[in-house]
Amino acid sequence: SRWGRGLGLLELAVGRDSALNVPNGAIGLLFYLLQGMLGPCHGRVAALTLLLSSALSALASLWLGAVLLFGLRDLCLVCLSTYGLNAALLGLNLRRWRDTGLGPARHGRNTPKTE
């Protein structure tokens, strides 16, 4: 289906036969490679890149989940598992961002005590 390439959206902007309209699997492969390569890295830039790419993958997962359920009227266990993995990565990367001291502090953690 058209939803299998460019999240079903790039075709509208660049055309069906454009080199930019890559399969969703290629986008996912690049995302997971980025997560794997930057995961062991420390620092603000790595944490921010991981968080932003995870947020984008979560949005893509919501979009593709809606297309799967409401557009194609189907359920796919592998797809749902991937969406869950993306949500878990978002949670982990959000915690990592907060732990850098740059994100919003959680209550009871990394907050100065006032007396």
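These numbers come from a predicted model, not from an experiment.

Caption draft 1: Structural view of the overall build of the chain. When helices and strands are counted, the chain shows four helices and zero strands. If you list the helices and strands of the chain from N to C, you get α-α-α-α. Buried residues in the chain amount to 23% of all 115 residues. Considering only contacts in the chain between residues 6 or more positions apart, those separated by 24 or more positions represent 45%. Accessible surface, the chain: about 8000 Å² in total, of which carbon and sulfur atoms supply 68%.

Caption draft 2: Representation of the environment of Ala58 in the model. With respect to the helices and strands, the residue Ala58 is situated in helix α3 (residues 44–71). Using a relative accessible area of 17% as the deciding quantity, one classes Ala58 as buried. In this structure, the C-alpha to C-alpha distance between Ala58 and Ala88, residues 30 residues apart in sequence, is 9.5 Å.

Caption draft 3: Spatial organisation of the UniProt feature "transmembrane region" (unreviewed entry) in the chain. When the UniProt feature table is mapped to this numbering, "transmembrane region" (unreviewed entry) covers residues 20–38 and 45–64. Between the end C-alpha atoms of residues 20–38 the distance is 24 Å, and the span holds 79% helix and 0% strand. For residues 45–64, the helix share is 100%, the strand share is 0%, and the end-to-end C-alpha distance is 28 Å.

Caption draft 4: Main features of the side chain of Asn86. Locating Asn86 in the fold gives a position in helix α4 (residues 77–99). The class for Asn86 is buried, based on a relative accessible area of 6%. If sequence neighbours within four positions are ignored, Asn86 has contacts with Phe31, Tyr32, Ser57 and Ser61.

Caption draft 5: Just the packing of helix α2 (residues 24–38) against α4, in detail. Relative orientation of the contacting elements α2 and α4 amounts to 35 degrees, with a least axis distance of 13 Å. Note that α2 runs across α4; the crossing there is left-handed. Along the contact surface, α2 presents Phe31, Tyr32, Gln35 and Leu38, while α4 presents Thr82, Leu85, Asn86, Leu89, Asn93 and Arg96. Counted by class, the contact of α2 with α4 contains five nonpolar, four polar and one charged residues.

Caption draft 6: Fine view of α2. Compared with an ideal rise of 1.5 Å per residue, which puts 15 residues at 21 Å, α2 spans 21 Å between its outermost C-alpha atoms and is within 8% of the ideal. Within the span of α2, buried status applies to Asn24, Phe31, Gln35 and Leu38. Summarising the axial view, the buried residues of α2 lie within an arc of 85 degrees, below the 170-degree limit, and thus occupy one face. Turned more than 90 degrees from where α2 packs its buried face, Gly25, Leu29, Leu30 and Met37 sit exposed. Taken together, the buried residues of α2 touch α3 and α4.

Definitions and limits used
- Residues numbered from 1 in each chain as written.
- Predicted model: local features only at pLDDT ≥ 70, side-chain atom pairs only at ≥ 80, totals over all residues.
- Heavy atoms only, no water.
- Helix = DSSP H or I, 4+ residues; strand = E, 2+ residues; numbered from the N terminus.
- Buried < 20%, exposed > 50% of the residue type's maximum accessible area, 1.4 Å probe, protein only.
- Contact = heavy atoms within 4.5 Å.
- Areas by Shrake-Rupley, 256 points an atom, 1.4 Å probe, with all protein chains shown as cover.
- UniProt positions renumbered as here; feature names shortened; annotations may be inferred.
- Axes fitted to C-alpha atoms, helices over the stretch in contact; angles between N-to-C directions.
- Left-handed = near helix turned anticlockwise from the far one by under 90°.
- Nonpolar A, V, L, I, M, F, W, Y, C, P; charged D, E, K, R; others polar.
- Expected span 1.5 Å × (residues − 1).
- Arc of directions from axis to C-beta.

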